[in-house]
Amino acid sequence: MNKSNEKNFNISYQDVFYNSNLIMLLIDTKNGDIIDANPSALNFYGYSKDEMYGLKIFDINNSNDEEIWNKMNLVIKHKENKFYFKHKLSNGELRDVEVNWGVTSWNNKNVLHTVVNDITESVKSIGNLEESKIKYEVLFNSSKDYVYLHLIDDNGFPGRFIEVNDIAKRNIGYTREEFLDMTPMDIFDSKGIMKNYSAIMETLLEGKTVTFESILITKSGSRIPVEINSKVFQLINQPIVLTAARDITRRKIMEKDREKLIEEKEYNKLRSEFFANISHELKTPLNMIFSTIQFIKVYLESGKGIIRLREGIKYLDKMLLNSYRLLRIVNNIIDITKIDGDFYTLDLVDHNIICLINNIVEEVSQSKQIKGRTLEMQCETKDISIAVDSYSFERIILNLISNSIKFTDKDGKIIIKVYEENDYICISVMDDGIGIDKDKLSCIFDPFRQVDRSLNRANEGSGMGLSISRALVELHGGEIKVESMINKGSTFTVKFPDRKNSLEDNSIIEEGNNRINRGNQVKIELSDIYY
């Protein structure tokens, strides 16, 4: 600063600094020395000019030195300039003050221009709320809710607590003194509050009561669900927020119990529908077998059994088909019971799954149920070997093919595609059938679920097949998913981990000599498809 500017500064300094009724100090930013104080400051603190010049800011500020330095650095970095402290007078009295700091230059050094506002009476007025009968006997300590008062800071965020009731101190775990150094953001899940904070504050400042739910975090770390009711009122021209937070743990437990009850009712309803369908599924083949037996018996008793039996040979095929249907239902019930009870075990052996799938496709292609539909397999290699349980693997693939046949027209096309994807071997069964509603895709793998639940649906089925398939895939460490569009078709994809049990290629089973067992399994799986 040149002499001319310094002279002008001194004139301005004397006018503003020494003649102001505001309490003003100049503080050295390097060591905290008080290098000047106006008459209002000397009068307020009770020191002479010489005494004041021998003090540091730490001598009159009741906060610890580290906190004071931190606040000063915030001012120097232009991050904040207003703070609240307790300042000590020469007689030892502590006064609540609002300090406004600003950085300026004086005698070639950076100083903090300090304006001190005595707010002791305002704070006392707020503190006098402790003596209020309504506050203690009605609003605060007689309430079963956590009741507290807090300020709103200059940025519009929740400020420090100025009072809390006994039940809040007792259940949350902090003392009153600890609370008074905290804000609501210290005891609530701030992420949940901040998401809607603008709307909350807007409603509060309109004078309305705000109600919302949050999570209160105790001193021990426990999380308590609470319902918060807040309202703003003015106290000595300052907005104060009154809040009552009610513990709703019991309500949340009841809501969960209610949801669980609804789920159980839905599950029981599904089970009832399942058993109704099972009864239908069992009754239909039994009736067919019983009718066929009666038919044969009548012709045999008529004395013309040999001739009539040749004419009725087709009924024997129907009886066999319905026997397969019964066996399929019984097998499904046994398997789903084992899976639910964690009794189902896999015999994981290295298999060439291309051979397994080819054999299934060959058997299905020769079945009567395929009836005009095209079944095609697509694979870039003839050898993909992984560890699977062959029986369970064939059940999964057969079930997916069976579903595609059921819901694909007789001139439709079904494609089985095998490919590698990252660390998985993927098998997709794609059809151009009727497709599945989007709202039903999420539940078709659930036990006892059926897309078509009517008893007069186009094909038989108990609703267990896809649930069992998903369980078997997951037992292999894989996953199953479906994509579908109405009238466009569906694609079911299963993913098996690309892993083997043995490192030797000669240990891989090609599965070429199990045609009889596989043929029976195909007949059982496809037995619920009409042809």
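Residues numbered from 1 in each chain as written. Predicted model: local features only at pLDDT ≥ 70, side-chain atom pairs only at ≥ 80, totals over all residues. Heavy atoms only, no water.

Engineer: Is there a simple way to think about the side chain of Asn352 in this case?
Structural biologist: Looking at the secondary structure, you find Asn352 in strand β11 (residues 349-352). There is a polar contact of 3.1 Å between the side chain of Asn352 and the backbone nitrogen of Ile354. A distance of 3.4 Å separates a polar side-chain atom of Asn352 from the backbone nitrogen of Ile384. (Helix = DSSP H or I, 4+ residues; strand = E, 2+ residues; numbered from the N terminus. Polar contact = N/O pair within 3.5 Å; in protein donor to acceptor, adjacent residues only side chain to side chain.)

Engineer: Got a minute to help me understand the sheet that holds strand β7 (residues 158-164) in this structure?
Structural biologist: Each strand in a sheet pairs with another by means of backbone hydrogen bonds, the pair being arranged parallel or else antiparallel. Pairing within the open sheet is antiparallel, and its five strands lie in the order β7-β6-β10-β9-β8. Of all strands in the sheet, those with a lone pairing partner are β7 and β8 (210-217), marking the two edges. If you compare each strand with its neighbour and ignore which way they point, the axes differ by 35° on average. With four bridges joining them, strand β6 (residues 146-152) and β7 adopt antiparallel strand pairing. Of the residues in β7, the one forming a bridge with Tyr148 is Val164. Strands in contact with helix α11 (residues 197-205) are β6, β7, β8 and β9 (223-235); relative to β8, the strand with the most contacts, it is inclined by about 130°. (Pairing = 2+ DSSP bridges. Axes fitted to C-alpha atoms, helices over the stretch in contact; angles between N-to-C directions. Contact = heavy atoms within 4.5 Å.)

Engineer: I would appreciate a short explanation of the sheet that holds strand β4 (residues 94-106) in the present structure.
Structural biologist: In spatial order, the strands read β2-β1-β5-β4-β3; together these five strands make up an open sheet with antiparallel pairing. Only two strands of the sheet have a single neighbouring strand rather than two, namely β2 (34-37) and β3 (82-88). The sheet shows a mean angle of 35° between the axes of neighbouring strands, taken without regard to direction. Relative to β2, strand β1 (residues 23-28) is paired through three bridges, and the arrangement is antiparallel. Paired with Ile27 across the bridge in β2 is Ile34. Each of β1, β3, β4 and β5 (109-118) is contacted by helix α5 (residues 65-76), which is oriented at about 40° to β4, the strand it contacts most.

Engineer: For this particular structure, what's the right way to read the nonpolar core?
Structural biologist: Within soluble globular proteins, side chains that are nonpolar generally end up buried alongside one another. Ranked by internal contacts, the top residues of the largest apolar core, which has 45 residues, are Ile353, Val364, Phe393, Ile401, Ile416, Ile427 and Phe496. Residues in contact with Phe393, not counting those within four places in the same chain, are Ile353, Leu356, Ile357, Val388, Ile427 and Phe496. In this structure, Tyr146, Ile152, Phe188 and Val241 belong to the second largest nonpolar core, which totals 27 residues. (Core = buried A, V, L, I, M, F, W, Y, C linked by side-chain atoms within 4.5 Å. Buried < 20%, exposed > 50% of the residue type's maximum accessible area, 1.4 Å probe, protein only.)

Engineer: Can you walk me through the packing of helix α16 (residues 390-406) against helix α17 (residues 465-475) in this structure?
Structural biologist: Angle between the axes and distance between the axes are the two parameters that describe a pair of packed helices. Where α16 contacts α17, the two axes come as close as 9 Å, and the packing angle between them is 145°. Between α16 and α17 lies a crossing of left-handed hand. Along the contact surface, α16 presents Ser392, Arg395, Ile396, Asn399, Leu400 and Asn403, while α17 presents Gly465, Leu466, Ile468, Ser469, Leu472 and Val473. Per-class residue counts for the contact of α16 with α17 are six nonpolar, five polar and one charged. (Left-handed = near helix turned anticlockwise from the far one by under 90°. Nonpolar A, V, L, I, M, F, W, Y, C, P; charged D, E, K, R; others polar.)

Engineer: Just checking my understanding: could you explain the packing of aromatic side chains for this structure?
Structural biologist: Describing an aromatic ring pair means giving the distance of the ring centres and the angle of the ring planes. The tally for this structure, following the rule as stated, stands at 12 aromatic pairs. Considering the side-chain rings of Phe44 and Tyr45, the 4.8 Å spacing of their centres and the 80° angle between planes classify their relative orientation as edge-to-face. Residues Phe44 and Tyr45 agree in their burial class; the two are buried. An aromatic cluster is built from Tyr148, Phe161, Tyr174, Phe179 and Phe188, whose rings are joined through pairwise contacts. Over the face of the ring belonging to Tyr419 we find Lys417, whose NZ or CZ atom lies 5.7 Å from the ring centre. Against the face of Tyr424 rests Lys495, its NZ or CZ located 5.0 Å from the ring centre. (Phe/Tyr/Trp six-rings, centres within 6.5 Å; stacked < 30°, edge-to-face > 60°. Lys NZ or Arg CZ within 6 Å of the ring centre and 35° of its normal.)

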